[in-house]
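What follows is the residue order along each chain.
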Amino acid sequence: MKADAVKIADGVYWVGALDWDAREFHGYTLDGTTYNCYLVFGDDKIALIDNVYGGFFPQQWARIEDAFAQEGKDEIQIDVVVQNHIENDHSTTLPTIVDKFPDVEIYCTQIAIPGLKKLFPVLEDKEMNPIKTGDTLDIGGKSFTFINAPMLHWTDSNFTLYNEEGILFSNDAFGQHYCSGKRYDVDVDAKELENVAKKYYANLITLSSPLVVNKVKEMEDLGLLQKVKMIAPCHGQIWTNPQTILDLYTKWATGDADDKITVIYDTMHHSTQKLAHQIAEGIISEGVDVSMHYLKEDHESDVVTDVLDSKAICLGVPTMMNNPYPNVGKLIYYFNCLSFANCGVNKKAVTFSSKGWGGGAIKNLNSALEEAGFDVLADDVLDVKFLPNESELEKAYELGKNIAKLIKE
Ligand code: FEO
């Protein structure tokens, strides 16, 4: 196949893969992604930073061939692979690279070594060089400094700083599942890019939020952050304005939410839905942003994306067999996985429900949300029998108004 490399700096090329068709990754929905990897031409050695997903080798190789052609080199030679992370989407083509260049030197974190050998038994006897924070590698006129970044987002994760140009190859961190024919942040709509970066953070990084803050500080203390002029992650667009994504990560990691409330609901006979709509009206009346998520239609990965920068949620489902409507179970489970409280702030939550006879959803929702780290406002519940009447709809409106006032305080 034919595919071009993109020169991102002198002697540095993007040689990754565009996956236009990816619709699900790590359990969340997306509309395409990229597997970015980079080729750095030193005077003595040529280094490949990361690899791509299985099935995408022809694309990666075509771009590698083009990078060599752009450099005016007839013979392709890769001397070094820096494998910043071992997950399949960044490592599956590594054995093929090793097969083509048996003497290639592999650099990765210590914990990545047994992982790579387990993933790819063909590499069992291949020597690998462990890297730790502060280690450097010179490839002739160009050098790298390594920064281990455990749990951003796997235990083996690592950042590689290309010192001379200030390019931080950050692997998954600062990425976005986004597929475009353009490579840079400035080439695409800024708000759209922020939204896909937010979805990526919410679904992949939320749990590791305290580590985000620590890693940024550590890099600052080491004098490395100040050198970063570009962040080149392994998914999505390259940040030519690194401060944009650093500021967003700091905001999300510290629970610095907007004056925004996410209303999440499902319904059986439209009663809970009516309450949700009235709650939204009350929120809007206070000038607070509202995001609505109808659980019958909306994927939990989109719900948590809005929860990330909301100060509060309102969650309502009907009671069924003394319990919350089962559709909400997956979301509650996901709240527990992500642990928004790790961002240092307990988001406020109110619950509402409708019931035929006995009720029971509210009690269970409240305890589940408390367990998931939300600050549940248990006095503000709304539990309506059958169809909400005018007075109950007014109460729903007031409930929305009250929580909106509360988050503005
Ligand atoms: Fe942790 Fe993009 O893989």
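Only a predicted model underlies this, so the values are computations on that prediction, with no experimental measurement involved.

**Overview of the overall build of the protein chain**
Assigned secondary structure in the protein chain consists of twelve helices and 24 strands. If one aligns the C-alpha atoms of the protein chain with their principal axes, the spans along those axes are about 80 × 40 × 35 Å. Evaluated residue by residue, the protein chain yields a buried proportion of 60% over its 409 residues. The long-range share in the protein chain, meaning contacts at least 24 apart out of those at least 6 apart in sequence, stands at 71%. Accessible surface computed for the protein chain: about 16,700 Å², of which carbon and sulfur atoms make up 50%. Side chains of the protein chain carry 36 positive and 62 negative charges; the gap between the two charge centres is 3 Å.

**Looking at the domain arrangement of the protein chain**
Per the domain assignment, the segments of the protein chain are domain 1 (6-253) and domain 2 (262-408). The distance between the C-alpha centroids of domain 1 and domain 2 comes to 39 Å. Between domain 1 and domain 2, the contact holds 15 residues from the first and 16 residues from the second. Inspection of the domain 1/domain 2 interface yields two salt bridges.

**Some points on empty space enclosed by the protein**
Regions of empty space are outlined by a rolling probe, equal in size to a water molecule, passed over the atoms. Counted according to the given criterion, the structure contains one cavity of 30 Å³ or more. Size it by volume and the largest cavity reaches roughly 70 Å³. Considering the residues around the largest cavity, the lining is formed by Leu152, Phe159, Ala173, Phe174, Val212, Lys215, Val216, Met219, Leu225, Leu246 and Tyr249. Looking at the lining of the largest cavity, the elements that each hand over two or more residues are helix H6 (209-221) and helix H7 (242-253). Sort the elements by how many residues they give to the lining of the largest cavity and H6 lands first, with four residues.

**Brief notes about the environment of Lys408**
Along the chain, Lys408 turns up in helix H12 (residues 390-408). Assessed through its relative accessible area of 39%, Lys408 is described here as partly exposed. Separated by 121 residues in the primary sequence, Lys408 and Gly287 place their C-alpha atoms 9.7 Å from one another. With sequence-adjacent residues up to four places away left out, Lys408 is seen in contact with Asp259, Glu286 and Val288.

**Digging into the sheet that holds strand E13 (residues 143-148)**
Taken in spatial order, the five strands line up as E12-E13-E14-E15-E16 in an open sheet, and their pairing is mixed. Each of the sheet's edge strands pairs with one partner strand only, and the pair in question is strand E12 (136-138) and strand E16 (230-233). Strand-to-strand twist of the sheet, defined as the mean angle between neighbouring strand axes without regard to direction, takes the value 25°. Across three bridges, the pairing between E12 and E13 is antiparallel. Within E13, the position partnered with Leu137 by the bridge is Phe144.

What counts and what doesn't
- Residues numbered from 1 in each chain as written.
- Predicted model: local features only at pLDDT ≥ 70, side-chain atom pairs only at ≥ 80, totals over all residues.
- Heavy atoms only, no water.
- Helix = DSSP H or I, 4+ residues; strand = E, 2+ residues; numbered from the N terminus.
- Buried < 20%, exposed > 50% of the residue type's maximum accessible area, 1.4 Å probe, protein only.
- Contact = heavy atoms within 4.5 Å.
- Areas by Shrake-Rupley, 256 points an atom, 1.4 Å probe, with all protein chains shown as cover.
- Lys, Arg positive; Asp, Glu negative; His and termini not counted.
- Charge placed at Lys NZ, Arg CZ, Asp CG, Glu CD.
- Domains from an automatic or database assignment.
- Salt bridge = Lys/Arg side-chain N within 4 Å of Asp/Glu carboxyl O.
- 1 Å grid on protein atoms, 1.4 Å probe; cavity = no way out; pocket = protein on both sides within 12 Å on 5 of 7 lines; lining within 4 Å.
- Points joined across faces, edges and corners; volume = space filled by probe spheres on them.
- Pairing = 2+ DSSP bridges.
- Axes fitted to C-alpha atoms, helices over the stretch in contact; angles between N-to-C directions.

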